[in-house]
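Take a look at the letters that make up each chain.
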Amino acid sequence: MSLGHEVRYRVRGGAELRGTVFVQGAKNAVLPMIGASLMAAEGRTVLRNVPIIEDVKRAVELAEAVGAKAELHEAERTLVIDASQLTSPVLPEEIASRFRGSFLFVPALLHRLGEAVIEGVGGCNLGSRNLDFHYNGFKRMGATVTELVSDDGRGSIHVKAGQLQGGTLYLDTPSHTGTENLIMAASLAHGTTLIKNCALEPEVLDVIKFVQSMGARITGGGTGFITVEGVDRLTAVQHTVMPDRIDAGVLVMAAAITGGEISLVGASLEHLGVAADKLEQMGVEFSEEGAVLRVRRERPLRPINVITDEYPGFATDLQSPIMALSCLADGPSYIYERIFDGRFKLADELVRMGADIEVNGNRAKVNGATPLRGAEVVAHDLRTGSALVLAGLVAEGETTITNGYYLDRGHSHIAGRLNGLGADIERLA
Ligand SMILES: CC(=O)N[C@H]1[C@@H](OP(=O)(O)OP(=O)(O)OC[C@H]2O[C@@H](n3ccc(=O)[nH]c3=O)[C@H](O)[C@@H]2O)O[C@H](CO)[C@@H](O)[C@@H]1O
Ligand SMILES: C=C(OP(=O)(O)O)C(=O)O
C-alpha cells in the first residue's frame, strides 16, 4: 500500500479569495459513526454528507477487514455499511496505524465478537497521545487489556470482554475519542453507566445523536456527565454528518490571510467557539446571511493571544492555521498549546518561508508582520498541511508542500475548493 508521502501540493501565492465554498462533513464525527455502525447486527446504515478524505477511506478498509460490507458512494458523499457479518476482531496494522479513528472500532468489536486486537493506532504525531482513559474505562466495565509483543518485536493490544457491565467511569481530562468510545461501550453494556468529565465537542454531540437514533439510551450529552442505560440491541439507521468546523475555520482563515471575501455553505459560527472571537479580534468580519456565513477581511490583521482548550475553547486543530495567519499580523502574537505537548513543528516550516517565530516548550511567540516567500516545506501532520497552504496563498512565488497525504487525510478536494475561490493550487501525486 502506498504511504502517500509522494503527494505534494504546489501553491502560487497572491490572489485574494472570493466566491462561495462548501464546508465538508466532519472527519471527527464520521469516524466514530463508522465505528458505531458496526454495533448494528442487522440491516444497513446510511451516512450522508461524508467527507471524501483518506481517513474515511481507511475506515472503510478497516470495516471491510473485520468483515463488514462498506460502499462509499463518492459523488453522493454517502456511505452504506452492512455489519451483519463481522468475522475478525483484528484491526490490522497496515490500515489501523494510519489514522486515529481506528481505535473507535474497539467497542463494536467487543460487543459483537468479545474481543478486539489492535495492531496499531495512528493519527497525527502531536507528541504523547495516550489511550489510558479508554483502557481504564473498558477495564472498569469488565474487560481485560493486554499488551503483547510478537517475536519480531511488533506490539499489539488485546481487549477482551464477555458481556460488558455498566458502572461509574471517568476521564481524567475530557478526551474527545475517549468520551465517544466509553459511550459506545456503555450503549450495549449490561446496566447503567455514568461517565464523568465528558468532552463537549459538537462532534461528540452529533455522535450521541446518531447512537441515540440507533436505539441507545443516553442522557446528559453536552453537560460533562453522561448517563447511558444499556440496551440489548442497536439498529442500523440513516444520519447526516454535521459540518466540519475545522475545515470551516481553515476556509475562514484562507479568506482572512488573503484579504478576501467568501461565503461558506455549511459553516456554523457557534461551532467555531472562541476561535470566531479571536478571528474577529484579528480583523475578520463575519455576517450570517440565513444559513450562509459570509467572511471578509479588509483592515490590516491585528496580533492575537491564543490558548488552546477543549470546546468551546480555541480548538487545538486550528492552532497551526492561526499561527500561519498571525505571521501576517502587525505585532507579536502569543500562542499557548495546552492540549498536545508536541504541536509546534509548523514553526520551522514557516520560518523557512520568512516568518519570525520563537518556540519555548508549549508556548510560541510570532513576531509579525513578516512577508512570506515561497519555499519547499513539509507537512508534519494534517493541520501543519492546512497552515502551509494558508501561508502559500500569501507567499511571494511558489510553495511546495511535501507529505501531502496528511492534507488528504482530513480535507476533501482542498485544491479544487480553494481554486474555485481564485487560488492557484495543484495537487501533484
Ligand atoms: C479522531 C479525532 O476525533 N481526533 C481529534 C481528537 O483526538 P483525541 O480524541 O485523540 O484527543 P483527546 O481529546 O483524547 O486528547 C487530548 C489530550 O488528552 C490526552 N489523553 C487522551 C486520552 C487518554 O486516554 N489519555 C490521555 O492522556 C492526550 O494525550 C492529549 O494530550 O481530539 C483532539 C483534541 O480536540 C483533536 O485534536 C483530534 O482531531
Ligand atoms: C489531530 C487530528 O486528527 P487525528 O486525531 O485524527 O490525528 C486533526 O484532525 O488535526
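These numbers come from a predicted model, not from an experiment.

Trainee: Please clarify how the domain arrangement of the chain should be interpreted in this entry.
Mentor: Domain annotation of the chain identifies domain 1 (8–24 + 243–428) and domain 2 (27–240). Each of domain 1 and domain 2 was reduced to a C-alpha centroid, and the two centroids are 30 Å apart. Across the domain 1 to domain 2 interface the summed buried area is about 2100 Å²; carbon plus sulfur atoms make up 49%. Area buried by domain 1 at its contact with domain 2 is led by Y311, Y405 and R409, which between them contribute 31% of it. Run the count over domain 1 and domain 2 and you get two salt bridges. Among the salt bridges present, the one from R245 reaches E203, with a minimum N-O distance of 2.7 Å. Where domain 1 meets domain 2, there are eight residue pairs in polar contact (both at pLDDT 80 or more).

Trainee: Is there a simple way to think about the packing of aromatic side chains in this case?
Mentor: The geometry of two aromatic rings is summed up by the distance between their centres and the angle between their planes. Counting across every chain of the model gives one aromatic pair. Centroid distance F103 to Y135: 5.7 Å. Interplanar angle 85°. Geometry classified as edge-to-face. Here Y135 lies in helix 5 (residues 132–140) and F103 lies in the loop between helix 3 (93–96) and helix 4 (106–113), a separation of 32 residues in the sequence. When its relative accessible area of 2% is taken as the criterion, F103 is described as buried.

Trainee: Whenever I open this one, the side chain of N403 confuses me. Can you help?
Mentor: The topology assignment puts N403 in the loop between strand 23 (398–402) and helix 13 (405–410). On the basis of relative accessibility, which here comes to 18%, the residue N403 falls in the buried class. Engagement of the side chain of N403 in a polar contact is seen with the backbone oxygen of A379, the distance being 3.1 Å.

Trainee: Can you help me understand helix 1 (residues 27–37) in this one?
Mentor: Residues spaced three or four apart along an α-helix point in a common direction, a consequence of the helix completing one turn every 3.6 residues. Extensive coverage of helix 1 is indicated by the burial of ten of its eleven residues. Turning to helix 1, its buried residues are K27, A29, V30, L31, P32, M33, I34, G35, A36 and S37.

Trainee: Explanation requested: the sheet that holds strand 11 (residues 192–196) in the structure shown.
Mentor: Each strand in a sheet pairs with another by means of backbone hydrogen bonds, the pair being arranged parallel or else antiparallel. Spatial ordering of the open sheet is given by 10-11-13-12, a layout of four strands whose pairing is mixed. This sheet does not close on itself; its edge strands, each paired only once, are strand 10 (168–170) and strand 12 (217–219). For this sheet, the mean inter-axis angle between neighbouring strands, taken without regard to orientation, is 20°. In the sheet, strand 12 pairs with strand 13 (residues 225–229) via three bridges, with the strands oriented antiparallel. Note on strand 13: the bridge partner recorded for I218 is V228.

Trainee: Is there a simple way to think about the site of ligand 2 in this case?
Mentor: Taken together, K27, R100, G123, C124, L126, R129, D317, R343, L382, R383 and R409 are the residues near ligand 2. Between R343 and ligand 2, the recorded distance is 3.0 Å, taken from a side-chain N or O atom to an oxygen atom. For ligand 2, an oxygen atom lies 2.8 Å from a polar atom in the side chain of R383. Protein contacts shield 93% of the accessible area of ligand 2, which totals 300 Å² for the unbound molecule. Among the residues forming the shell around ligand 2, the class breakdown is three nonpolar, one polar and seven charged. Lining the shell around ligand 2 are residues from two domains, each supplying at least three of them: domain 1 (8–24 + 243–428) and domain 2 (27–240).

Trainee: Could you clarify how one ought to interpret the UniProt feature "active site" (unreviewed entry) in the chain in this entry?
Mentor: Mapped onto this numbering, the UniProt entry gives "active site" (unreviewed entry) at C124. Excluding its chain neighbours within four sequence positions, the residues that come into contact with C124 are R129, D381, L382 and R409.

Trainee: Explanation requested: the nonpolar core in the structure shown.
Mentor: The nonpolar side chains of a soluble globular protein tend to be buried with one another. Within the largest apolar cluster, 75 residues are counted, with the highest numbers of intra-cluster contacts made by L38, L91 and V106. With residues up to four places along the chain from it excluded, the contact list for L38 reads A63, V66, A68, I81, A83, L86, F105, A108 and R112. Of all hydrophobic cores here, the second largest spans 69 residues; its members include L251, V295, I322 and L393.

Conventions and cut-offs
- Residues numbered from 1 in each chain as written.
- Chains lettered and ligands numbered in written order.
- Predicted model: local features only at pLDDT ≥ 70, side-chain atom pairs only at ≥ 80, totals over all residues.
- Heavy atoms only, no water.
- Domains from an automatic or database assignment.
- Buried area = accessible area lost by both parts, 1.4 Å probe.
- Salt bridge = Lys/Arg side-chain N within 4 Å of Asp/Glu carboxyl O.
- Polar contact = N/O pair within 3.5 Å; in protein donor to acceptor, adjacent residues only side chain to side chain.
- Phe/Tyr/Trp six-rings, centres within 6.5 Å; stacked < 30°, edge-to-face > 60°.
- Helix = DSSP H or I, 4+ residues; strand = E, 2+ residues; numbered from the N terminus.
- Buried < 20%, exposed > 50% of the residue type's maximum accessible area, 1.4 Å probe, protein only.
- Pairing = 2+ DSSP bridges.
- Axes fitted to C-alpha atoms, helices over the stretch in contact; angles between N-to-C directions.
- Near = heavy atom within 4 Å.
- Areas by Shrake-Rupley, 256 points an atom, 1.4 Å probe, with all protein chains shown as cover.
- Nonpolar A, V, L, I, M, F, W, Y, C, P; charged D, E, K, R; others polar.
- UniProt positions renumbered as here; feature names shortened; annotations may be inferred.
- Contact = heavy atoms within 4.5 Å.
- Core = buried A, V, L, I, M, F, W, Y, C linked by side-chain atoms within 4.5 Å.

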